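A closer look at the structure
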Amino acid sequence: VGLTAEQRAGWDRDGFFILPGFAERPVLDAMVDRIVELARLLEQPDRRPDLIATPEKVLDGQIDPERRLSKIFRLMRTEPVFRDFATDSRLLPILADLIGPDVACFLSQFIFKNPGALGQPWHQDNYYFKLTPCNVASIWLAVDPIDEENGCLRYSPGSHLRGVRPHGRTDVLGFSQGITDYGPEDEEREIPLSLNPGDALIHHGWTIHRADPNTSTTP
């Protein structure tokens, strides 16, 4: 089963769409349980897994490792619960419809976004990936409720059709670069996207998006 007409329209018109209820609660719980375990193992040199972790700069004072981290990378290489999601038989036909049949996952990560975590400025994923042509789809799976208070993703619909934008250093803490000429016309287009646990959001490699800091008490 590939894309529905509505999903294809969202991708073509807006550069993103949502797959509601894609993952069930037991899968999400397994992901969270394993990521907490991995975060703690990363602090044990004799048991450290072959992963890359980045700290959340403003949360260094937290005691629990899983509350101090921003991201863990390379999960699908060795972690079955994340590899199973990336290779889900329902997902691959959708990706084939979007970017072609030769599908490869070259980046896998878990983002923690704990209370107090920083946001990200407006950016386009393929500015960093630099893949030519831009047959790129980013897939985000929500393991918690996501809303404006805890820093949901905000999108500029149709921005994938307008090409790459200049990026450079910004005054947004916690992220190296963002779009430098983002202005009032862009701000008028932006929309927030709230997600329920288990929802998957797919966006194009040129779709402009950002996220606010988490000002809530929930991850």
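Treat the numbers as computed from the prediction; the structure is a model and nothing was measured.

A look at the overall build of the chain
For the chain, the helix and strand inventory stands at eight helices and twelve strands. Principal axes of the C-alpha set define a box for the chain whose edges measure 45 × 40 × 30 Å. Counting every position in the chain, which comprises 219 residues, the buried fraction comes to 46%. Within the chain, residue pairs in contact and separated by at least 24 positions form 79% of the contacts whose partners lie at least 6 positions apart. Accessible surface, the chain as shown: approximately 11500 Å² in total, 52% of it carbon and sulfur.

Describing the nonpolar core
One finds Phe17, Leu19, Ile35, Ile72, Leu75 and Ile202 to be the most contacted residues of the largest nonpolar core, which totals 30 residues. Those elements that place two or more of their residues in this core are strand 1 (16-19), helix 2 (25-41), strand 3 (69-73), helix 5 (80-86), helix 6 (91-99) and strand 11 (200-204). For this core, the element with the highest residue contribution is helix 2, accounting for six residues. Counting residues in each nonpolar core, the second largest holds eight residues, with Phe16, Leu153, Leu193 and Ala211 among its members.

With respect to the environment of Pro166
Within the secondary structure, Pro166 sits in the loop between strand 7 (153-155) and strand 8 (167-169). According to the relative accessible area criterion, Pro166 is partly exposed, its value standing at 40%. Between the C-alpha atoms of Pro166 and Thr180, which are 14 residues apart in sequence, the distance is 6.0 Å. Once you skip the residues sitting within four places of it in the chain, Pro166 turns out to touch Gly178, Ile179, Thr180 and Asp181.

Some words on helix 6
An α-helix turns once every 3.6 residues. As a result, residues three or four positions apart point the same way. Among all positions in helix 6, only Leu91, Ile94, Leu95 and Leu98 are buried. Angular distribution of buried residues about the axis of helix 6 spans 95°; they occupy a single face of the element. Within two residues after helix 6, Gly100 carries a phi angle of roughly 105°, on the positive side.

Observations concerning a nonpolar patch on the surface
On the surface, Phe106, Leu107 and Leu131 cluster together into a nonpolar patch covering about 260 Å² of accessible area. Within the secondary structure, Phe106 sits in the loop between helix 6 and strand 4 (109-111).

Structural notes on unusual backbone geometry
Following Thr132, the chain continues into Pro133 via a peptide bond in cis, with omega recorded as -5°. Of note, Pro133 is situated in the loop between helix 7 (125-129) and strand 6 (137-141). The backbone phi angle of Lys130 is positive, close to 60°, even though this residue is not glycine. Structurally, Lys130 is set in the loop between helix 7 and strand 6. Since its relative accessible area comes to 58%, Lys130 is described here as exposed.

Things to note about the sheet that holds strand 11
Spatially, the three strands line up as an open sheet ordered 1-11-6, and their pairing is antiparallel. Two strands close off the open sheet at either side, each with one partner strand: strand 1 and strand 6. The average angle at which neighbouring strand axes cross in this sheet is 20°, direction not considered. Where strand 1 and strand 11 come together, four bridges link them in antiparallel fashion. Note on strand 11: the bridge partner recorded for Phe16 is His203.

Criteria and cut-off values
- Residues numbered from 1 in each chain as written.
- Predicted model: local features only at pLDDT ≥ 70, side-chain atom pairs only at ≥ 80, totals over all residues.
- Heavy atoms only, no water.
- Helix = DSSP H or I, 4+ residues; strand = E, 2+ residues; numbered from the N terminus.
- Buried < 20%, exposed > 50% of the residue type's maximum accessible area, 1.4 Å probe, protein only.
- Contact = heavy atoms within 4.5 Å.
- Areas by Shrake-Rupley, 256 points an atom, 1.4 Å probe, with all protein chains shown as cover.
- Core = buried A, V, L, I, M, F, W, Y, C linked by side-chain atoms within 4.5 Å.
- Arc of directions from axis to C-beta.
- Patch = residues over 30% accessible without salt bridge, like charges linked within 9 Å, V, L, I, M, F, W, Y side chains within 5 Å.
- Salt bridge = Lys/Arg side-chain N within 4 Å of Asp/Glu carboxyl O.
- Pairing = 2+ DSSP bridges.
- Axes fitted to C-alpha atoms, helices over the stretch in contact; angles between N-to-C directions.

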